[in-house]
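Each chain, written out:
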Amino acid sequence: MFGWRKKKNQTTETESSGIPVITLDGPSGSGKGTIARRVADALGYHLLDSGALYRLVALAAEDACVALQNSDNLTEVAMQLDVRFDSNPEGDEVVWLNGEDVTQRLRTEQTGAGASKVAQIPAVRDALFERQRAFRKAPGLVADGRDMGTQVFPDAPLKIYLTASAEERAKRRHKQLKDKGLDVSLAALSRDIEDRDRRDSERTVAPLKPAMDARFLDTTGQTIESVTQTVLDWVAEL
Ligand code: C5P
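Note that the coordinates shown come from a computational prediction; the quantities given were computed from them, not determined experimentally. (Residues numbered from 1 in each chain as written. Predicted model: local features only at pLDDT ≥ 70, side-chain atom pairs only at ≥ 80, totals over all residues. Heavy atoms only, no water.)

A. Quick peek at the sheet that holds strand E4 (residues 93–97). If you trace the three strands from one edge of the open sheet to the other, you get E3-E4-E5, paired in antiparallel fashion. Both edges of this open sheet fall to strand E3 (83–87) and strand E5 (100–101), since each of them pairs with a single strand only. In terms of strand pairing, E4 meets E5 through two bridges, oriented antiparallel. Bridged to Trp96 within E5 is Asp101. Against the sheet, helix H3 (residues 50–63) makes contact with E3, E4 and E5, and its axis sits at roughly 45° relative to E4, the strand it touches most. (Pairing = 2+ DSSP bridges. Helix = DSSP H or I, 4+ residues; strand = E, 2+ residues; numbered from the N terminus. Contact = heavy atoms within 4.5 Å. Axes fitted to C-alpha atoms, helices over the stretch in contact; angles between N-to-C directions.)

Structure (structure tokens):
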């Protein structure tokens, strides 16, 4: 159900507007990615990890030696992104950028920091806008990011804003990175997350904030199963 490739016959705006979208926005480490995947699997919906697109722009820029301040060239990079999302025989996600396996590089904190810098540029966001909207396909979509409910899918029937304490978010990211074989100090990670959250919340274009009609879900101290169940209960109410 991981529909990343652009299909030839994209659904038009009017055709797609009846297709349900569940948006999950929130700061890094709030659990969006994990919960989005669980909910999409449970419902048989497509999944959009919008943060991955911003991360891929940062990586593609690095590969092309484009400075993260050069908005014209970054926009060009965003428009030309050649990405493919796959899975290996074990079922783990594999991400290809310009034919290169970037799965490991994609998830580093350095790439996350680069992503939050390129994400401040309005033309880069515009360049990714339609690519994100094209994920809205039957039977439905679960979209995670920072502005899914506020900008990209403002008509989504269910918008959720996930939070968790800063301490727990840093610990979760630390564990995630460790599990992927990436070693970072918890203190350094907490600082990086704080910087990134500040940049994401204070930027002028599409800042991280709950949609007016979002439901709040604090995941501190909760298991993945119980958060997933809460979301599925809300879906059942629709
Ligand atoms: O969610 P993830 O950590 O992969 O996102 C990386 C960065 O991409 C975020 O810190 C944010 O700056 C940016 N982003 C965004 N809008 C989104 C998703 C991610 O600006 N919808």
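B. Looking closely at the sheet that holds strand E6 (residues 141–145). One open sheet holds the five strands; their spatial order is E2-E6-E1-E7-E8, and the pairing between them is parallel. Each edge of the open sheet carries a strand with a single partner, namely strand E2 (46–49) and strand E8 (215–218). Shown here is a sheet whose adjacent strand axes are inclined to one another by a mean of 20°, direction ignored.

C. Here's a closer look at the site of the ligand. Close to the ligand lie 15 residues; Arg55, Arg125, Asp147, Arg196 and Asp200 are nearest. Within the side chain of Ser50, a nitrogen or oxygen atom sits 3.0 Å from a nitrogen atom of the ligand. In this structure, an oxygen atom belonging to the ligand sits 2.9 Å away from a side-chain N or O atom of Arg196. When the ligand is considered free in solution it has 460 Å² of accessible area, and contact with the protein chains removes 96% of it. Taken together, the elements giving at least two residues each to the shell around the ligand come down to H3, helix H6 (109–118) and helix H10 (186–202). Tallying contributions element by element places H3 first for the shell around the ligand, with four residues. Of the residues belonging to the shell around the ligand, the class tally is four nonpolar, four polar and seven charged. (Near = heavy atom within 4 Å. Polar contact = N/O pair within 3.5 Å; in protein donor to acceptor, adjacent residues only side chain to side chain. Areas by Shrake-Rupley, 256 points an atom, 1.4 Å probe, with all protein chains shown as cover. Nonpolar A, V, L, I, M, F, W, Y, C, P; charged D, E, K, R; others polar.)

D. Region of the structure containing the packing of aromatic side chains. Scanning the entire structure with this criterion turns up one aromatic pair. Pairing Tyr161 with Phe216 gives two aromatic rings, centres 5.5 Å apart and planes at 55°, and the pair type is tilted. Of this pair, Tyr161 sits in strand E7 (residues 158–163) while Phe216 sits in strand E8, and the two are 55 residues apart along the sequence. (Phe/Tyr/Trp six-rings, centres within 6.5 Å; stacked < 30°, edge-to-face > 60°.)

E. Spatial organisation of the packing of H3 against H6. Two numbers describe how H3 lies on H6: the axes approach to 8 Å, and their chain directions differ by 100°. By the angle between their axes, H3 is roughly perpendicular relative to H6. Contacts from Tyr54, Arg55, Val57, Ala58, Leu59 and Glu62 in H3 reach Gln110, Thr111, Gly112, Gly114, Ala115 and Val118 in H6. (Parallel < 35°, antiparallel > 145°, perpendicular 65-115°, else oblique.)

F. Looking closely at the pairing of E7. Among the six residues of E7, five are classified as buried, and the element is accordingly described as predominantly covered. As paired elements, strand E1 (residues 21–25) and E7 share four bridges and run parallel to each other. Paired with Ile22 across the strands is Leu158, a residue of E7. Across four bridges, the pairing between E7 and E8 is parallel. Bridge pairing in E8 links Tyr161 to Phe216. (Buried < 20%, exposed > 50% of the residue type's maximum accessible area, 1.4 Å probe, protein only.)

G. Quick peek at the nonpolar core. Membership of the largest hydrophobic core comes to 34 residues, with the highest contact counts inside it found for Leu48, Leu56, Val57, Leu81, Leu97 and Phe153. Among the secondary structure elements, those contributing two or more residues to this core are H3, helix H4 (71–79), E3, E4, H6, helix H7 (122–133), E6 and helix H8 (148–152). Core analysis: the next-biggest nonpolar cluster, separate from the first, contains 17 residues, Ala36, Val39, Val231 and Trp234 among them. (Core = buried A, V, L, I, M, F, W, Y, C linked by side-chain atoms within 4.5 Å.)

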